[in-house]
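Structural characterization, general
Below, each chain spelled out in residue letters.
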Amino acid sequence: MTNAIVGIDLADRKQMVVVTDHDSKVLARRTFRVKAWDLGAALDWATERGARAGFTGVTVAAEPTGHRWRVLGQLADERGMALVCVQPAVCSWVRKTEDLTSDKTDDKDAVLIARLTAQLRCYLPEPVDETWARLRHLGTRREQLNGEHVACVQQVRDLLECVWPAALDAAEHPFKSTTWVAALTVVMDRDGGDLSRTRRLGPARFEHAVRREVTRRGKVRPCLRIVRRLFTALADPAGVIAHRPAAFERVAWVIDDWDHAKAKLADTQARMVTVLDELDLTALACSIDGLSAVGAAAILAETGDLNRFTSARAVVKHAGLAPRERKSGAFTGRAHVTGAGRPLLRAAAWRAVWGCLQTNRVYAARYRHLTGRETNRLTPTQAQTAVAAAILRQLHYVITHRQAWDPVVAAHGTKTLEVVAA
């Protein structure tokens, strides 16, 4: 109660600053028409106004939108001030409930931020650390490259479905096959939309050209079955013939973009694993069977240091994977996950599920139990969501307790009971 509360509504060139007490009484307010980096004068002004009202210091509060709150955090830290954040979603809900309108002004928002802080509806942001910050930025970069990767695949698929659908049937999973991609590259480089040019090569010379491309892509030898199927597809007349020259030109460009995206993605993932090694967390995280170093790094890039979470359940809530119940009187609705957390953390945990279900006996048994029990049976997607939440909870335990993952404990047992049973 010794600190006044400084609520700041951040913007580009206009910053609204209010100083309040713990009953949300406004002690002073002022608009500073400056950039975020020039807010030091505003903090000094707020400190002086708080001192006039009998407070020994100030606590700065803001919404964590964009980059400006990080600038504000550094300026506050330089002055020995504490910075807390108020979730924008909370501000939006409270703004509507205060007077049942959607009124929004900078002045009202600054006062609202200060009021929510006085009610302790705020949180301490993640501490600034160079290594963790690098991992977070690499995780963001990886997600962008994943988006480029998927976009390239979808573009090639859409174009071929229009002008040469037979090519997609040459392999069961064409975009996972190096042979198929290499053969398609050979066709795109030669034909310019006229498939008869490649057909005139003959099967043997076509296979030789594909072998060279497969070797260039770092593989030893092609799958001849796929090569022969794609060569046969050269004679298939299905597709919009008039669009083939232009579409093949685009496909060649997209394949080139795809190759670059994959190379940059591999480099980014290698850097993420290097950062994980620097944090001395690789062995601990990978002790969870089925969780790769890249998968663990992707999760930790979104959570930051797991020691800042008070419980494993807090991490699950942060991801938006906590269950949301719907009960009232005799009514019991269907439970859903909240979906209110970090979407990229949710995606990273979801991707980790696929590897864990293949090699982790505990998670695989849990999945089979959830999808096969007689009462309250879950769908496969619901069960995978439950496994994703379990991965986050157990990763939190492993990191915070500095103990390797134990399948006995993970299966809700203990080593003590195991010894007694033996």
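Residue numbers restart at each chain and count upward from 1, following the sequence in its written direction. Per-residue local features of the predicted model are confined to residues with pLDDT of at least 70, and side-chain atom pairs are confined, for both listing and counting, to 80 or more; whole-chain, interface and lining totals are unaffected and use all residues. Heavy atoms from the whole structure form the basis of all side-chain values; hydrogens and water molecules are not counted.

1. Here's the deal with a positive patch on the surface
In this scheme, patches are assembled from residues that exceed 30% relative accessible area and form no salt bridge. Like charges are connected within 9 Å, while nonpolar side chains (Val, Leu, Ile, Met, Phe, Trp, Tyr) are connected within 5 Å. Only the protein chains shown count as cover for residues, and all accessible areas are computed by the Shrake-Rupley method using a 1.4 Å probe. The rule for a salt bridge is simple: a side-chain nitrogen of Lys or Arg has to be within 4 Å of a carboxyl oxygen of Asp or Glu. Positive charge is attributed to Lys and Arg, negative charge to Asp and Glu, and no charge count is given to His or to the chain ends. Every charge is mapped onto a representative atom, which is NZ of Lys, CZ of Arg, CG of Asp or CD of Glu. Taken together, Arg 190, Arg 197, Arg 199, Arg 200 and Arg 205 make up a surface patch of like positive charges. Accessible area is worked out with a 1.4 Å probe on protein chains only. A residue is then buried under 20% of its type maximum, exposed over 50%, and partly exposed in between. Arg 200 gets classed as exposed once you look at its relative accessible area, which sits at 60%.

2. Thoughts on the sheet that holds strand β4 (residues 57-62)
Two strands qualify as a pair provided DSSP detects at least 2 bridges between them. Helical segments are the DSSP runs of H or I of at least four residues, strand segments are the runs of E of at least two, and each set is numbered from the N terminus. Read from one edge to the other, the open sheet built from 5 strands follows the order β3-β2-β1-β4-β5, with strand pairing classed as mixed. Since the sheet does not close on itself, it has two edges, and those belong to β3 (26-32) and β5 (82-85), each with one partner. Neighbour-to-neighbour, the strand axes of the sheet open up by a mean angle of 25 degrees, direction not taken into account. When checking whether two residues touch, look at their non-hydrogen atoms; a contact exists if any pair is within 4.5 Å. In this description, a line fitted to the C-alpha atoms serves as the axis of each element, helices being fitted only across the stretch in contact, and the angle between N-to-C directions of two axes falls anywhere from 0 to 180 degrees. Lying on the sheet, helix α4 (residues 106-118) is in contact with β1 (3-9), β2 (15-20), β3, β4 and β5; it crosses β1 at an angle near 140 degrees.

3. Focus on the pattern of salt bridges
Scanning the entire structure with this criterion turns up 21 salt bridges. We note a salt bridge from Lys 14 to Asp 106, for which the minimum N-O separation is 3.6 Å. Taken together, the positions of Lys 14 in the loop between β1 and β2 and Asp 106 in helix α4 put the pair 92 residues apart, joining distant regions of the chain. Judged by its relative accessible area of 27%, Asp 106 is partly exposed. Where Asp 280 meets Arg 402, a salt bridge forms, and the shortest distance between an N and an O atom there is 3.3 Å. With Asp 280 in the loop between α10 (244-278) and α11 (282-286) and Arg 402 in the loop between α16 (380-401) and α17 (407-410), this pair connects stretches of sequence that are 122 residues apart. Classification of Arg 402 by relative accessible area gives partly exposed; the value is 44%. Among the ionic contacts, a cluster of salt bridges with common partners joins Glu 213, Arg 216, Arg 217, Asp 259 and Lys 262.

4. Remarks on helix α1 (residues 40-52)
Multiplying one less than the number of residues by 1.5 Å gives the expected span of a helix. Spanning 13 residues, α1 covers 19 Å between terminal C-alpha atoms, matching the ideal 18 Å at 1.5 Å per step. Among the residues making up α1, those that are buried are Gly 40, Ala 42, Leu 43, Trp 45, Ala 46 and Gly 50. At its buried positions, α1 is contacted by β1, β2, β3, β4 and α2 (68-78). Positive backbone phi, at 95 degrees, marks Gly 54, one or two positions downstream of α1.

5. A word on the nonpolar core
Counting residues in each nonpolar core, the largest one holds 49 residues, and the members touching the most others are Leu 135, Ile 299, Tyr 363, Leu 392 and Leu 395. Of all the elements in the fold, those that place two or more residues in this core are α5 (130-163), α10, α11, α12 (293-303), α13 (312-319), α14 (343-359), α15 (361-372) and α16. Among the elements that take part in this core, α16 stands out by supplying 10 residues, more than any other. Each nonpolar core is a collection of buried residues, namely Ala, Val, Leu, Ile, Met, Phe, Trp, Tyr and Cys, held together in the definition by side-chain atoms within 4.5 Å. Counting 38 residues, the second-largest nonpolar core is a separate cluster that includes Leu 159, Ala 182, Ile 226 and Val 227.

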